[in-house]
Structure formats: structure tokens, C-alpha cells
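Structural overview for review
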Amino acid sequence: MLFLMRYRGRFAPSPTGSLHFGSLVAAVASYADALHHQGNWLVRMEDVDEGRTVKGSADDILHTLEALGFEWDEPVIFQSQQKARYADVLAWLAEQGLTYACSCSRREIAAHATSGIEGPVYPGTCRHARIEDPTGKAIRLRTDAEEICFEDRIQGRHCQILSRDVGDFVVRRADGYTAYQLAVVVDDADQHINRVVRGADLLVSTPRQIYEQKRLGLPHPTYAHVPLARDEQGRKLSKQDRAHPVSAAAPLPGLLSAWHFLRQAPPPSDLDNPREFWKWAANNWSIANII
């Protein structure tokens, strides 16, 4: 089931440092796609893992986005402020018998697991353990042998069988924080996001999120995963890569670099500022050029 409504997209950075070029590529792609479809575009701070949040980085990211001409249509949502909502969803999943507590350590899992798409496949050790007190334990979502498939607008068709490729996966961590995989599903549904444009590093996570949407009775957005920006050694750029920050003082060069990385048509040479760039980009964006 898809959202049958006006285009609603989003950019969801983690406030663990300044905006870097890899994140800018995802932001440019998602914003240009929303503008091209005359849709709404939102910004959400994915700070569900508060232990990794760097003080001041959320404001720094928002300031940089503003300097680069990005405009969001609704107030910025912070995941750290949605804890009660996540707790309600986790309680509902538990009531349906869809989750269970897990006391396994990473070492114990690795000792008995097969290799999957992102490391060890959880072998189901605690699935029937009947742990009464979940305090200090991870909470896992039960998976099955259903094949989960989706058609990515850039990467094409992708399928996974979660019980084989991932295993029962964590939806609440042992430290009490809601896992990203659940938080992003709840947030997208609550914000009525129907188009997700993001980095290709999250491509393998999408079947898990679709599986959760099915279990929760939520609509499925369409997905587009843009290629990752990498350094000279082929490593994904991240906030820890201080050599590729985005400058708010020189916004147009950064936008043009991201636009070029996304294989878009060259813009006119007389563009003087981000506002002019986005006005032109809205009419000339083509996601087909990335493929």
C-alpha cells in the first residue's frame, strides 16, 4: 500500500558532527526531487542514539542547510523528543507477541551465527527463552521466511528473506534507546512521508523497515537510494572525515559539486546564489540521470 497524497519527502541527518559532503549529496537529491514534484520537504534530526549526539551539531547542520538555500515546510522534529511515541509502539508489538527480550552478547551471537548481509544472522537463541524482565535487555522483532521485495527508483528491485539474511533484529537496544530501524519507520509514518530519497548505505535496511510497516499496518513509502560519496580509498564519507566538510560561507560551490556528483545536467554558468540554483534545479532535476 502506498501513500496516495501529495509528495512528502524528508532529509534526516544525525547530529553527530557538521554536515559533510556525503550528507549534502543525499540532501540535494531529496530536496531537488521534492521541488521537482512540487511537494513538501521536511527535516528530521535522527538523534535517537543520544550518546552519539554532539552538542551544537544540530544547530550547525540547520544553519548550513539554510545557507545553502534549503527550505523545509514544517518544524524540525527531533527523535530524542519522541520517546513516549516509540514506547507505545514497542508496547503494542509486545502485546501482539511480535517481540521478545534478548540477553545474548555479541560474542555469543557470533559464536553460533551464520553470515548475513550485514554480519552475523541472529540464530534465535532467546526466541523461546521467556525472559520475564526485559530491563537491560535488547528487544528483538520476530522475523519469518516471507520474501520482502521493493522496487528502488535508482537501484532497481531488491529482495530479502529476513529470517535467512538478518534474523530477528533489534528494535530496542539493551541501553534503552529505540533502535534506528523502528524509530525511522514510526517517524516516517507520523510525518506522512511517502517518498524517501537517501544514501545507498541504507538500501539493505529497507526490507526490515517494510517488514515493520507491514506488522504495524503502516503504508509503504517509495524509496530511492543515491550512490555514496567516497574518499580516495573508496571509504564512505562521514562526519568523522573532517577533510570534506560543507562550508556555509561558500554555499554555491558545495551545491554544484553535489549536483555534479549526482550526474545532473550542467547548470548555467551565470547562477549567482543558492536561490537561483534551486529555482533552476527544480525544473531540471532528473532522477533517471543517476541510474
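Here, the structure is the one placed above.
Residues numbered from 1 in each chain as written. Predicted model: local features only at pLDDT ≥ 70, side-chain atom pairs only at ≥ 80, totals over all residues. Heavy atoms only, no water.

1. Considerations on the sheet that holds strand 7 (residues 138-141)
Spatial strand order, 4-7-10: three strands in an open sheet with antiparallel pairing. This sheet does not close on itself; its edge strands, each paired only once, are strand 4 (99-102) and strand 10 (169-172). Averaged over all pairs of adjacent strands, the angle between their axes in this sheet comes to 45°, without regard to strand direction. As judged from the four bridges shared by strand 4 and strand 7, these two strands associate in the antiparallel manner. Residue pairing across strands places C102 opposite A138, the latter belonging to strand 7. Strands strand 7 and strand 10 of the sheet are contacted by helix 7 (residues 206-216), whose axis makes an angle of about 60° with strand 10. (Pairing = 2+ DSSP bridges. Helix = DSSP H or I, 4+ residues; strand = E, 2+ residues; numbered from the N terminus. Axes fitted to C-alpha atoms, helices over the stretch in contact; angles between N-to-C directions. Contact = heavy atoms within 4.5 Å.)

2. Looking at the pattern of salt bridges
Taken as a whole, this structure holds 16 salt bridges when the rule is applied. Among the salt bridges present, the one from D188 reaches R44, with a minimum N-O distance of 2.9 Å. Highlighted residues: D188 in helix 6 (residues 180-190) and R44 in strand 2 (residues 40-45), separated in sequence by 144 residues. Of the two residues, D188 and R44, both sit in the buried class. Between D49 and R173 there is a salt bridge, with the nearest N and O atoms lying 3.0 Å from each other. Taken together, the residues D49 in the loop between strand 2 and helix 2 (57-67) and R173 in the loop between strand 10 and helix 6 connect sequence positions 124 residues apart. Look at D49 and you get buried, because its relative accessible area is 18%. Residue R173 is classed as partly exposed on the basis of its relative accessible area of 27%. Residues participating in the shared-partner salt-bridge network are R10, R44, E46, D187 and D188. (Salt bridge = Lys/Arg side-chain N within 4 Å of Asp/Glu carboxyl O. Buried < 20%, exposed > 50% of the residue type's maximum accessible area, 1.4 Å probe, protein only.)

3. Considerations on the state of the cysteines
Note: disulfide means a covalent bond formed between the sulfur atoms of two cysteine side chains. Scanning the model with the defined rule gives one disulfide in all. Paired through a disulfide, C149 and C159 show a sulfur-sulfur distance of 2.1 Å. On the sign convention where negative is left-handed, the bridge of C149 and C159, at about 115° about the S-S bond, is right-handed. Of the two residues, C149 sits in strand 8 (residues 147-152) while C159 sits in strand 9 (residues 156-161), which places them 10 residues apart along the sequence. For C159, a relative accessible area of 33% gives the class partly exposed. Of all cysteine sulfurs, the one in C126 lies closest to C104, which takes part in no disulfide; the gap is 3.5 Å. Among the residues examined, C104 registers a relative accessible area of 19% and is labelled buried. (Disulfide = S-S within 2.5 Å.)

It is worth stressing that arrangement in space is one thing and function is another; only the former is reported here.
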